[in-house]
Amino acid sequence: MNMRYIKGILIFSFMALMSTACFARKINEFVKVSNKQFIVNDKPYYFIGTNFWYGAILGSKGEGGNRERLIQELDFLQSKGIANLRVLIGADGTNGIPSKVEPTLQIKAGVYNDAILDGLDFLLSELGKRNMKAVLFFTNSWEWSGGYSQYLNWAGKGKNPIPSVDGWPAYMEFVKQYAGCDECLQMLKNHIKYVVSRTNRYTNKKYTEDPTIFSWQIGNEPRAFSDANKPLFIAWLKDISAYIKSLDKNHLVSIGSEGQWGCEMDMKLFEQIHADPNIYYLTMHIWPKNWSWLDVKNMSGTLQSSIDKTAEYMNNHMAVARKLSKPIVMEEFGFPRDHHEYNLKDSTSLRDAYYISVFKKILRSSNEKDVLSGCNFWAWGGFGRPNGNHVFWEKGDDYLGDPAQEEQGLNAVFDTDATVKIIKKYVAQIQHKPLLVDMNATARTQALFHNMKNNMSKGIMLAHQDDAAYGHNWYNQKGRSDVKETTGDYPAVTGWELGHIEIGASYNLDSIYFSDMKQHIREVYERGGINTISWHGDNIATGKTAWDCAQDTVVKSILSGGSNHAKFLLYLDRLAAFFHDLKDKKGESIPVIFRMYHEHTGSWFWWGAKECTPDEYNQLYRMTVKYLRDTKQVHNLLYAFSPTDVATEQEYLQRYPGDEWVDIIGFDTYAFGTESKDLNAYKQKMNTGLSIVTKYAAQSGKIPVMAETGMEGIKVNDYFTRVLLPIIQPYNISYILFWRNAFNNPGHFYVPYAGHTSAADFKKFTENKKILMNKNMPAMYTPVQSESK
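Residues numbered from 1 in each chain as written. Predicted model: local features only at pLDDT ≥ 70, side-chain atom pairs only at ≥ 80, totals over all residues. Heavy atoms only, no water.

**Focus: unusual backbone geometry**
Phase 1 of the analysis: In this chain, Glu-102 is followed by Pro-103 through a cis amide linkage whose omega measures 0°.
Phase 2 of the analysis: When you line up the elements, Pro-103 lands in the loop between strand S5 (84–88) and strand S6 (106–108).
Phase 3 of the analysis: Put simply, Trp-378 and Ala-379 share a cis peptide bond, and its omega is -5°.
Phase 4 of the analysis: Here Ala-379 shows up in the loop between strand S13 (372–377) and strand S14 (380–382).
Phase 5 of the analysis: Positive phi, close to 55°, is recorded for Lys-369, a residue that is not glycine.
Phase 6 of the analysis: Counting through the fold element by element, Lys-369 comes out in the loop between helix H12 (349–368) and S13.
Phase 7 of the analysis: A positive phi is found at Ser-511, a non-glycine position, where the angle reads about 75°.
Phase 8 of the analysis: By secondary structure assignment, the location of Ser-511 is in the loop between strand S19 (493–497) and helix H16 (514–526). (Helix = DSSP H or I, 4+ residues; strand = E, 2+ residues; numbered from the N terminus.)

**Comments concerning the sheet that holds strand S1 (residues 32–34)**
Phase 1 of the analysis: As summarised here, the arrangement of the 3 strands in space is S1-S2-S3, forming an open sheet in which the pairing is antiparallel. At either end of the open sheet lies a strand with only one pairing partner, and these are S1 and strand S3 (43–44). (Pairing = 2+ DSSP bridges.)

**A look at the state of the cysteines**
Phase 1 of the analysis: Here the structure, examined in full by the defined rule, presents 1 disulfide.
Phase 2 of the analysis: Cys-181 shares a disulfide with Cys-184; S-S distance 2.3 Å. Measuring handedness by torsion sign, the sulfur bridge of Cys-181 and Cys-184 sits at about 75° and is right-handed.
Phase 3 of the analysis: A relative accessible area of 4% places Cys-181 in the buried class.
Phase 4 of the analysis: According to the relative accessible area criterion, Cys-184 is buried, its value standing at 0%. (Disulfide = S-S within 2.5 Å. Buried < 20%, exposed > 50% of the residue type's maximum accessible area, 1.4 Å probe, protein only.)

**Observations regarding the packing of aromatic side chains**
Phase 1 of the analysis: Overall, the coordinates contain 72 aromatic pairs when judged by the stated rule.
Phase 2 of the analysis: Three or more aromatic residues link up through ring pairs in this structure, and these residues are Phe-76, Phe-333, Phe-335, Tyr-354, Tyr-355, Phe-359, Phe-377, Trp-380, Phe-383 and Tyr-426.
Phase 3 of the analysis: Positioned above the aromatic ring of Tyr-490, the side-chain terminus of Arg-527 is 3.7 Å from the ring centre. (Phe/Tyr/Trp six-rings, centres within 6.5 Å; stacked < 30°, edge-to-face > 60°. Lys NZ or Arg CZ within 6 Å of the ring centre and 35° of its normal.)

**Quick notes on the pattern of salt bridges**
Phase 1 of the analysis: Following the criterion strictly, the structure yields 40 salt bridges and no others.
Phase 2 of the analysis: Between Asp-239 and Lys-189 there is a salt bridge, and its shortest N-O distance comes to 2.9 Å. Here Asp-239, found in helix H9 (residues 230–247), pairs with Lys-189, found in helix H8 (residues 182–196); they are 50 residues apart in sequence, far enough to count as distant.
Phase 3 of the analysis: Between Arg-385 and Asp-415 there is a salt bridge, with its nearest N and O atoms 2.8 Å apart. Taken together, the residues Arg-385 in the loop between S14 and strand S15 (413–414) and Asp-415 in the loop between S15 and helix H13 (419–430) connect sequence positions 30 residues apart.
Phase 4 of the analysis: Each of Arg-67, Asp-114, Asp-118, Asp-121, Arg-198 and Arg-201 takes part in salt bridges that share partners, so that together they form one network. (Salt bridge = Lys/Arg side-chain N within 4 Å of Asp/Glu carboxyl O.)

**Details of the packing of H8 against H9**
Each pair of packed helices can be summarised by the angle the axes make with each other and by the distance between the axes.
Phase 1 of the analysis: Where H8 contacts H9, the two axes come as close as 10 Å, and the packing angle between them is 25°. In terms of orientation, H8 lies roughly parallel with respect to H9. For the pair H8 and H9, the sense of crossing is right-handed. Together, Leu-185, Leu-188, Lys-189, Ile-192, Lys-193 and Val-196 of H8 and Trp-236, Asp-239, Ile-240, Tyr-243, Ile-244 and Leu-247 of H9 make up the contact between the two elements.
Phase 2 of the analysis: In terms of residue class, the contact of H8 with H9 is built from 9 nonpolar, no polar and 3 charged. (Axes fitted to C-alpha atoms, helices over the stretch in contact; angles between N-to-C directions. Parallel < 35°, antiparallel > 145°, perpendicular 65-115°, else oblique. Left-handed = near helix turned anticlockwise from the far one by under 90°. Contact = heavy atoms within 4.5 Å. Nonpolar A, V, L, I, M, F, W, Y, C, P; charged D, E, K, R; others polar.)

**Observations concerning the sheet that holds S13**
Phase 1 of the analysis: Pairing is parallel in the open sheet, where 8 strands are placed in the order S10-S9-S8-S5-S4-S13-S12-S11. Each edge of the open sheet is held by one strand with a lone partner, namely strand S10 (252–254) and strand S11 (282–286). Averaged over neighbouring strand pairs, the angle between their axes works out to 25° when direction is ignored.
Phase 2 of the analysis: Here 2 bridges tie strand S4 (residues 47–51) to S5, and the two strands are oriented parallel to one another. For Asn-51, the partnering residue across the bridge sits in S5 and is Arg-86.
Phase 3 of the analysis: In the packing of helix H4 (residues 114–129) onto the sheet, the strands contacted are S5, strand S8 (133–140) and strand S9 (213–220), and the crossing angle to S8 comes to about 155°.

**Some points on the pairing of strand S12 (residues 328–333)**
Phase 1 of the analysis: Of all 6 residues that make up S12, 6 are buried, and the element is covered over most of its length.
Phase 2 of the analysis: Relative to S12, S11 runs parallel, the two being bridged by 5 bridges. Among the inter-strand pairings, His-285 is bridged to a residue of S12, identified as Glu-332.
Phase 3 of the analysis: One ladder, built from 3 bridges, connects S12 with S13; its direction is parallel. Bridge pairing in S13 links Ile-328 to Leu-372.
Phase 4 of the analysis: The β-α-β motif built from S12, the intervening H12 and the parallel element S13 has right-handed crossover chirality. (Right-handed = clockwise from strand over helix to strand, strands pointing away.)

**Re the environment of Leu-127**
Phase 1 of the analysis: Examined against the element boundaries, Leu-127 turns out to sit in helix H4.
Phase 2 of the analysis: Between the alpha carbons of Leu-127 and Gln-78 there is a distance of 9.4 Å; along the sequence they are 49 residues apart.
Phase 3 of the analysis: Sequence-distant contacts of Leu-127, defined by excluding residues within four places in its chain, comprise Leu-74, Leu-85, Met-132, Ala-134 and Thr-212.

**Looking at helix H19 (residues 614–631)**
Phase 1 of the analysis: When the terminal C-alpha atoms of H19 are compared, their 25 Å separation across 18 residues agrees well with the 26 Å that a helix rising 1.5 Å per residue should span.
Phase 2 of the analysis: Taken together, the buried positions of H19 are Glu-616, Tyr-617, Asn-618, Leu-620, Tyr-621, Met-623, Thr-624, Val-625, Tyr-627, Leu-628 and Arg-629.
Phase 3 of the analysis: Of the surrounding secondary structure, the elements contacted by the buried residues of H19 are helix H17 (554–558), helix H18 (565–580), strand S21 (592–596), strand S22 (637–641) and helix H20 (649–654). (Expected span 1.5 Å × (residues − 1).)

**Section: the confidence of the model for the protein chain**
Atomic detail in the predicted coordinates should be set aside for any region of low pLDDT.
Phase 1 of the analysis: In this model, the protein chain carries a mean pLDDT of 94, and residues with pLDDT of at least 70 account for 96%.
Phase 2 of the analysis: Counting interchain partners and residues more than four positions distant, the pLDDT-below-50 stretch residues 1–28 has 6 contacts. (pLDDT = per-residue confidence, 0-100.)

**Overview of H16**
Phase 1 of the analysis: Over its 13 residues, H16 extends 18 Å from the first C-alpha to the last, a length consistent with the 18 Å expected when each residue adds 1.5 Å.
Phase 2 of the analysis: Its buried side turned inward, H16 meets helix H14 (443–454), S19, strand S20 (530–535), H18 and S21.
Phase 3 of the analysis: Looking one or two places after H16, you find Gly-528, whose phi comes out positive at around 90°.

**Concerning the packing of helix H5 (residues 147–154) against H8**
Phase 1 of the analysis: It is at 9 Å that the axes of H5 and H8 come closest, and there the two elements cross at 110°. Looking at the two axes, H5 sits roughly perpendicular to H8. Crossing hand, H5 versus H8: right-handed. Facing Tyr-151, Leu-152 and Trp-154 of H5, the residues of H8 in contact are Glu-183, Cys-184, Met-187, Leu-188 and His-191.

**What to know about the side chain of Thr-139**
Phase 1 of the analysis: By the secondary structure assignment, Thr-139 is in strand S8.
Phase 2 of the analysis: Classification of Thr-139 by relative accessible area gives buried; the value is 2%.
Phase 3 of the analysis: Setting aside residues up to four positions removed in sequence, Thr-139 forms contacts with Gly-147, Tyr-148, Tyr-151, Leu-188, Ile-218, Gly-219 and Asn-220.

**Some thoughts on the environment of Lys-695**
Phase 1 of the analysis: Of note, Lys-695 is situated in helix H21 (residues 676–700).
Phase 2 of the analysis: What makes Lys-695 exposed here is its relative accessible area of 53%.
Phase 3 of the analysis: Separated by 46 residues in the primary sequence, Lys-695 and Glu-649 place their C-alpha atoms 9.2 Å from one another.

Following this line, the structure appears as structure tokens:
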């Protein structure tokens with residue numbers, strides 16, 4: 001047989017196989033419903049999302065468009081884990097109508113503003129790049145995007161009333177006609193077909209084949225508007241949902257209902273419309289202010305009743321979802337700022353408490369695999385800002401999430417609001433992802449954490465204190481390293497010490513100039529290594545070293561209100577300046593691990609067990625984190641915690657500041673003596689500590705490490721392979737750090753130098769597949785692609 005023919009068959013077969021695989025992968029990316037849960041990529045999908053109704057407008061090149069802001073918003077939302085956006089496909093009718101958002105999409109029935117369609121294409125293409133999803137709704141019961149009233153106007157039913165001008169009774173009476181308006185319903189069908197049949201001009205992907213679309217939604221809060229209309233309302237929803245599914249077999253369909261409040265207060269109607277097989281999940285909306293649960297003149301006094309009534313409303317609707325065995329989403333809820341003002345100066349503590357009450361229910365549902373699958377808070381204001389010269393939206397103003405008929409800034413969540421941190425915290429918990437101490441950590445700092453955690457199964461990284469700065473009988477010789485000279489490679493992790501930086505010294509307590517240390521840190525980072533930094537800060541009360549621990553009031557004097565508090569903040573200012581100055585060649589911050597106040601269960605430092613109470617120690621740790629992170633805006637740190645020689649988890653956690661304050665947990669212990677009893681005692685301490693650390697890390701999402709260990713002078717020649725390796729092999733820890741090789745103390749070294757009697761054993765230790773050196777460590781600063789739970 002002709003070889004060219006054989007090759008052609010093989011290529012064709014391979015391409016066909018790849019096409020099939022790719023097609024299967026695409027189909028698998030669509031959201032499915034199974035056993036009352038959303039499923040994405042074969043995994044349950046629970047989420048915290050937002051309402052971003054103006055996304056298509058921002059994405060346009062025409063009036064109102066701002067692609068630079070859109071991309072900024074999407075990047076920010078993605079960084080906070082907000083990956084499900086509820087979006088208006090487009091408004092209906094002419095521009096220039098009070099209370100209506102503009103520019104509109106459907107200028108007349110079937111006549112389209114192509115700029116908005118182009119904006120929707122662009123939005124979906126950008127969402128797809130970020131693995132984000134969109135719920136797209138077609139119409140609206142309310143006047144702010146046209147919807148019901150505009151279709152009635154096009155059908156010749158009269159001038160559509162404007163509630164802010166004509167009053168709500170006139171509007172409600174007018175839109176009652178919608179459910180029985182056959183021409184209106186046909187126009188909506190035409191609109192739906194036009195949109196669903198579209199092909200995205202940026203991705204060349206048909207909308208029906210785009211998994212970025214989470215769901216087609218019939219409308220925003222569709223209502224019957226009277227008891228008499230209920231049969232027509234039911235029939236319309238049944239017909240329109242079946243019609244959407246006839247056009248698109250891949251996507252879910254939802255109604256967009258408020259729940260009981262959108263069903264003439266009739267829970268049976270709510271159940272009936274969601275029981276339809278073409279409706280894949282239930283929705284509910286909750287508005288404490290609009291429903292008079294929240295008294296804006298007494299917001300703090302009516303907050304708890306708002307929370308309680310919200311929980312009751314949610315529980316009632318979740319019960320229906322369980323009965324129907326379908327997921328339910330709380331896709332609208334909003335809450336004003338603390339003093340009902342419309343500017344960013346007004347705080348959000350009441351709103352944050354309300355949001356937390358909702359998020360906790362979703363978290364519980366995700367843990368129990370229950371029906372409450374997510375929420376979309378109302379609404380995302382992001383980087384937009386209210387116009388201080390007027391209250392309601394005017395042409396040229398930023399889009400803030402509050403529609404044109406509402407005060408701008410009423411419910412919007414802005415990028416600087418405290419609410420954002422709460423959202424990110426609960427997103428991480430709902431998706432069972434470890435949460436960093438610094439939720440604003442740089443992308444590379446986040447990557448370092450996740451890569452350290454994800455790569456523990458590949459081996460234990462070897463670390464050495466001050467490795468490139470000096471070694472046995474040498475100091476500050478470029479390119480030298482005792483580890484490299486004995487093994488042929490640098491350690492994967494290098495430790496450094498900041499003691500004396502707090503007093504303004506130019507070099508640290510081990511005689512390394514801080515300017516040199518910064519350069520060494522850059523070199524470690526540039527070759528892919530990790531830097532960890534400890535701090536033996538001087539005793540602020542006496543001016544002596546960290547080992548001056550004769551007093552038991554030093555920590556107390558440092559805490560807020562203490563006599564040395566202000567002076568200690570100056571110490572922290574100098575630390576912050578050092579961390580801020582850690583930049584690579586491109587000027588980007590270098591991530592480092594900061595391990596402060598370590599070995600605190602001993603009593604040889606001024607922060608030790610006999611020198612302060614557990615509460616004082618924990619306050620000190622938290623105060624330091626908060627000051628560096630929040631006040632000094634240091635965002636390139638992972639925070640490490642390491643006591644010494646603890647016997648139980650209870651003892652370990654007695655002086656533990658809390659999971660929200662620690663990223664990396666470890667402990668310190670050393671081998672003393674060479675006799676069997678000494679080595680056995682060391683093995684016992686190591687096993688006890690490693691067992692405690694790895695167990696707690698597994699349940700808390702932290703990274704376990706061996707923060708310090710070694711044998712001074714290495715008096716047992718096979719210490720590394722016979723004593724240490726069997727201890728650490730059963731454990732998954734990120735790294736093991738050996739203490740320093742002093743340049744000015746011949747007996748003070750913890751890894752062998754070239755020619756030492758233990759050098760061959762150390763080299764053999766590093767060649768074990770369990771141990772990772774610099775050359776064989778995984779990439780640590782490449783962002784990890786997040787996956788939805």
